[in-house]
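Examining the three-dimensional arrangement
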Amino acid sequence: MKQSLQSWRHVFKLDPDRPLEDEVLEAICMSGSDAVMVGGSSGVTYENTVDLLSRIRRFEIPCVLEVSDLEAVVPGFDLYMIPMVLNTSRSDWLVGQHARAVEQYGYMIPWELLVPEGYLVLNPDSTVARVTEATTGLDAAAAAAYAQVADKLLQMPIIYVEYSGTFGDMELVADVRRCLEGARLFYGGGIHDAETARRAAAVSDTIVVGNAIYSDLQGALSTVRAVKGNSITGGSSNGSFYGSGSR
Ligand SMILES: CC(C)=CCC/C(C)=C/CC/C(C)=C/CC/C(C)=C/CC/C(C)=C/CC/C(C)=C/CC/C(C)=C/COP(=O)(O)OP(=O)(O)O
Ligand SMILES: O=P(O)(O)OC[C@@H](O)CO
Ligand SMILES: [Mg+2]
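Residues numbered from 1 in each chain as written. Chains lettered and ligands numbered in written order. Predicted model: local features only at pLDDT ≥ 70, side-chain atom pairs only at ≥ 80, totals over all residues. Heavy atoms only, no water.

1. Focus: the sheet that holds strand β8 (residues 206–209)
Through backbone hydrogen bonds, the strands of a sheet pair up, either in parallel or in antiparallel fashion. The strand order around the closed barrel formed by eight strands is β1-β2-β3-β4-β5-β6-β7-β8, and the pairing between neighbours is parallel. Ignoring which end each strand starts from, the neighbouring axes of this sheet average 30 degrees apart. Bridge analysis of strand β2 (residues 35–38) against strand β3 (residues 63–66) gives three bridges, and the strand direction is parallel. Bridging from a neighbouring strand, V38 pairs with L65 of β3. (Pairing = 2+ DSSP bridges. Helix = DSSP H or I, 4+ residues; strand = E, 2+ residues; numbered from the N terminus. Axes fitted to C-alpha atoms, helices over the stretch in contact; angles between N-to-C directions.)

If you want it as structure tokens, here you go:
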């Protein structure tokens, strides 16, 4: 069955490499957000990923792993999000690491749980931009062109506009979204309060909040209320991935 992320409006991204107190984790998992994504661009290990997964599993919120390092692929997540960097200058980050992963894991790969994400990495100062040698200076037309290749040619279910660490150009994000036909647009980067959450949510399908969890928990929690309003159910249900939500 095709996994459906179609109803997710808000996702928290937790970094296994960063300490998180139990009370903070509880607030995040009970916030009413649609899912927790575990991932980071550096320092992610098998051990710190297992540890974080087991702590999140005390709650019922859906929990997915965004795979950034083959050594840190841990069984037991609901889904495995597989980044493929569209605007990298090195094919390793588009398909190379992935091919090696398939060689290594072979028949053990639960393909039905894998979800490709076509990443557009746009903050030149982020670790992810440096690691992947991304061409970050794209204008809106170029970004939209990459997105259409991923959406219309490659049929990727998610285009992820990634400004990790800074709030991005919302006009560019809007232009990217306008040209998509089937893919869902995830936006992440610099969302830290209700206002930035609303602005990002107005031009994307799903917003992702990361750093604010660690720097300003109340601000981070306000992003959930800003985009989900009255539909918050307490965040305790792990619901179903197979919903029929629409864009
Ligand atoms: C038994 C079992 C469960 C098996 C699982 C099988 C499985 C899932 C196999 C893997 C299949 C597969 C094809 C895997 C891909 C492997 C891989 C390593 C691909 C490369 C991914 C990639 C392009 C990584 C580059 C970095 C990146 C885009 C990371 C995404 C996360 C991200 C951007 C985090 C932001 O980082 P942050 O920490 O906030 O840092 P900065 O802000 O400083 O950038
Ligand atoms: O950490 P921030 O800047 O919120 O970005 C969220 C996410 O897109 C990072 O991969
Ligand atoms: Mg981060």
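2. Digging into the site of ligand 1
Neighbouring residues of ligand 1: 27 residues in total, closest S41, E66, T127, V128 and S164. Within the side chain of D15, an N or O atom sits 3.4 Å from an oxygen atom of ligand 1. At 2.2 Å from an oxygen atom of ligand 1 is found a side-chain nitrogen or oxygen belonging to S164. Here ligand 1, which alone exposes 1,100 Å², has 90% of that area covered by the protein. When residues in the shell around ligand 1 are grouped by element, the largest group, four residues, is from strand β4 (residues 79–85). Among the residues forming the shell around ligand 1, the class breakdown is 14 nonpolar, nine polar and four charged. (Near = heavy atom within 4 Å. Polar contact = N/O pair within 3.5 Å; in protein donor to acceptor, adjacent residues only side chain to side chain. Areas by Shrake-Rupley, 256 points an atom, 1.4 Å probe, with all protein chains shown as cover. Nonpolar A, V, L, I, M, F, W, Y, C, P; charged D, E, K, R; others polar.)

3. Some details on the UniProt feature "binding site: Mg(2+)" (unreviewed entry) in the chain
Those places that UniProt annotates as "binding site: Mg(2+)" (unreviewed entry) correspond, in this numbering, to D15 and S41. Maximum C-alpha separation among the annotated residues is 8.7 Å over a sequence range of 27 residues, consistent with a single clustered spot. Tracing the backbone shows D15 in the loop between β1 (10–14) and α1 (22–29). In contact with D15, other than residues within four places in its own chain, are G39, G40, S42, V44, L52 and Y214. (UniProt positions renumbered as here; feature names shortened; annotations may be inferred. Contact = heavy atoms within 4.5 Å.)

4. Considering the UniProt feature "binding site: sn-glycerol 1-phosphate" (unreviewed entry) in the chain
Following the UniProt record, one finds the feature "binding site: sn-glycerol 1-phosphate" (unreviewed entry) at K13, Y160, V161, E162, Y163, S164, G165, G190, G210 and N211. Tracing the sequence through the fold places K13 in strand β1. Beyond its immediate sequence surroundings of up to four residues, K13 is in contact with M37, G39, E66, Y119, Y160, E162, V208, V209, G210, I213 and Y214. One polar contact links K13 to Y160, side chain to side chain, over a distance of 3.1 Å. Residue placement: V161 occurs in strand β6 (residues 158–162). V161 has contacts with L120, L122, V173, V176, L185, F186, Y187 and G188, leaving out every residue within four places of it along the chain.

5. Description of the side chain of N48
Turning to its location among the elements, N48 is positioned in helix α2 (residues 46–56). Among the residues examined, N48 registers a relative accessible area of 17% and is labelled buried. Side-chain polar atoms of N48 contact the backbone nitrogen of T45, separated by 2.8 Å. (Buried < 20%, exposed > 50% of the residue type's maximum accessible area, 1.4 Å probe, protein only.)

6. Here's the deal with the pairing of β2
Within a regular strand, side chains alternate between the sheet's two faces. Judged by which residues are buried, β2 turns out to be covered on both faces: A35 and M37 on one side and V36 and V38 on the other are all buried. Of the strand pairs in this sheet, β1 and β2 are connected by four bridges, and their pairing is parallel. If you follow V11 over to β2, its bridge partner there is A35. In this region the chain leaves β1, passes through α1 and returns to the parallel neighbour β2; the handedness of that crossover is right-handed. Handedness of the β2-α2-β3 crossover: right-handed. (Right-handed = clockwise from strand over helix to strand, strands pointing away.)

7. A short note on the site of ligand 2
In the vicinity of ligand 2, the residues found are K13, Y160, E162, S164, G165, G188, G189, G190, V208, V209, G210 and N211. The side chain of K13 places a nitrogen or oxygen atom 2.6 Å from an oxygen atom of ligand 2. A distance of 2.9 Å separates an oxygen atom of ligand 2 from a polar backbone atom of G190. Here ligand 2 loses 93% of its free accessible area of 300 Å² to cover by the protein chains. When contributions to the shell around ligand 2 are tallied by element, the ones reaching two or more residues are β6 and β8.

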